[in-house]
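# Coordinate analysis (summary)
Listed below are the residues making up each chain.
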Amino acid sequence: MYFPTNYVWSLSVVATLNNGGYIDEVDRACKPVLLASQNGDDAGTEELYASWAAVADRLVRKAQDDEARGRLIGAGETYYRASLYTSQSERLQSPKWEGRNAAYQKSIDLLLKHVELSGVPLSTVEIPYEGASLPGYLYRAPGSGPHPVVIQWNGLDSTKEMMYYSGFPQMLAERGISTLMVDTPGSGEALRLRGLTARHDTEAWAGAIIDHIEQNAGELGVDPERVGIVGWSLGGYYAPRAAAFEKRLKLAVAWGANHNWAEVQEKRRNREGENPVPHYWDHVKWVWGAADMDEFIEKTKGMHLNGVAEQITVPLLITHGVGDRQISVDYAHQTYEQAVNSPKRELRLFEDPEGGTEHISIDNMPYAAGIIADWVAETFSELASGA
């Protein structure tokens, strides 16, 4: 809790530090807005962005100077942190802020400069979807392949860039697994720059992505018979839902359970629990393309796994922090208890003194990510051996 009275702003600080941010730089970005943080989640978010942008812009100037001098390793590392800081502060802005799309595009451009200079095995991907396309990044495992591949999905307010920052695709690659990070409708670039909004029947997204994998397996270097899915936060609903109805998926991970998100909205209307982002109700209406609260509630009434989890017939891992202040750990138990037809279901709870007790274990994220990566690798291996 860098900001003692502001959970939402502090969440971004923790995420940044666990995704490769430098503590001195993060402190320099946050210290000027300590006073503003006391005015609630929504007020002062533009001021917060400006403070983070000042640090990011200083890093960009340093990276550009490094690049001009031929110091490409240093430049690549510095562009990475500039992208990370831009992304985390953009995430906290109102959908109505005029500078939001430009800030988001800046985070993409800086990340791709890092990729270029650092030789990262990442490429951009476009996945056809209902007359449009979903943007993604493919992080390739080393070697010729074909490799198993994990489709990674966002939650309510994250982006494919944040998936990369997390280090999870890099962990999977070390285990011989490629990762296809996708901004699904309602998230990241799909929402911000393409206007694609969310829906509850996420098997539609999964089907489009697997179609693309099957049609381009050779070019992508992946095995279309070994495709899994991992979703964090609201992805803890999105991914299990997809696995229940898209039977080409071979395994699923709910990185933070989200068994009944429709019910969570009623709790938030009653001010129960913490919100994930400032400007919360504006944000969710933006995600679903809803004009008002009634339309939002109507569009999300199907956002639960009751009667759905029972239809999951592949291995399922559910992780959850027992101290999650956004989504109660009770929802993790509900998904586990209902997924009775999964041939290998596991509930992995994180509590003290182990750490990872917060939302999606963001307080100890690399630790939780490594455990998930191990489970994915072991499960693919078991499936290959027929175990």
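Okay, so let's go over this structure. (Residues numbered from 1 in each chain as written. Predicted model: local features only at pLDDT ≥ 70, side-chain atom pairs only at ≥ 80, totals over all residues. Heavy atoms only, no water.)

## Topic: the overall build of the protein
Rules: Secondary structure elements follow DSSP: runs of H or I of four or more residues count as helices, runs of E of two or more count as strands, with numbering from the N terminus. Our radius of gyration is a C-alpha quantity, and the globule rule it is checked against amounts to 2.2 Å times the number of residues to the power 0.38. The buried label goes to any residue with under 20% of its type's maximum accessible area, the exposed label to any with over 50%, and the partly exposed label to all in between, with areas taken from a 1.4 Å probe on protein chains only. Pairs of residues are marked as contacts when any of their non-hydrogen atoms sit within 4.5 Å. Surface accessibility in these figures is a Shrake-Rupley result with a 1.4 Å probe; residues are shielded only by whichever protein chains are displayed. The charge count treats Lys and Arg as positive and Asp and Glu as negative. His and the chain ends do not count. For the purpose of locating charges, the reference atoms are NZ of Lys, CZ of Arg, CG of Asp and CD of Glu.
Within the protein, the regular secondary structure consists of 16 helices and eight strands. Over its C-alpha trace the protein gives a radius of gyration of 20 Å, about what one expects of a compact globule, namely 21 Å for 387 residues. If you line up the protein on its principal axes, its C-alpha atoms span 55 × 55 × 50 Å. Within the protein, the proportion of its 387 residues that are buried is 58%. Within the protein, residue pairs in contact and separated by at least 24 positions form 73% of the contacts whose partners lie at least 6 positions apart. A total accessible area of about 14,400 Å² is found for the protein, and carbon and sulfur atoms account for 49% of it. Each charge class in the protein was averaged separately, 35 positive and 53 negative side chains, and the resulting centres sit 3 Å apart.

## Some details on the packing of helix α12 (residues 261-269) against helix α13 (residues 280-288)
Put simply, the rule reads: The convention used is that axes are lines fitted to C-alpha atoms, helices contributing only their stretch in contact, and that angles between N-to-C directions extend from 0 to 180 degrees. Here roughly perpendicular refers to angles of 65 to 115 degrees, roughly parallel to angles under 35, roughly antiparallel to angles over 145, and oblique to all remaining angles. When the near helix sits turned anticlockwise from the far one by under a right angle, the crossing is termed left-handed; a clockwise turn instead gives a right-handed crossing. For this classification, the nonpolar set comprises Ala, Val, Leu, Ile, Met, Phe, Trp, Tyr, Cys and Pro, the charged set comprises Asp, Glu, Lys and Arg, and every other residue, Gly included, is treated as polar.
Relative to each other, α12 and α13 sit at 150°, their axes nearing to 12 Å. Taken as axis vectors, α12 and α13 run roughly antiparallel relative to one another. Crossing of α12 against α13: the hand is left-handed. Contacts from Trp261, Gln265, Arg268 and Arg269 of α12 reach α13 at Tyr280, Trp281, Val284 and Trp288. Split by residue class, the contact of α12 with α13 holds five nonpolar, one polar and two charged.

## Quick word on the packing of helix α3 (residues 45-68) against helix α5 (residues 100-118)
When two helices pack together, their arrangement is captured by the angle between the axes and the distance separating the axes. Between α3 and α5, the least distance of the axes is 13 Å, while the angle of their chain directions is 30°. Our classification of the angle between α3 and α5 gives roughly parallel. Read as a crossing pair, α3 and α5 show a hand that is left-handed. Listed contacts from α5 to Tyr49, Asp57, Val60 and Glu67 of α3 are Ala103, Lys106, Leu110, Lys113 and Leu117. Grouping the constituent residues of the contact of α3 with α5 by class yields five nonpolar, no polar and four charged.

## Re the nonpolar core
Spelled out, the test is: What we call a nonpolar core is a set of buried Ala, Val, Leu, Ile, Met, Phe, Trp, Tyr and Cys residues that are connected through their side-chain atoms within 4.5 Å.
In this structure, Tyr164, Trp255 and Val376 are the most contacted members of the largest nonpolar core, which totals 62 residues. Those residues in contact with Tyr164, other than ones at most four positions away along the chain, are Tyr80, Leu111, His114, Val120, Leu122, Tyr139, Pro169, Gln170 and Met181. Counting residues in each nonpolar core, the second largest holds 55 residues, with Ile151, Ala208, Ala239 and Tyr280 among its members.

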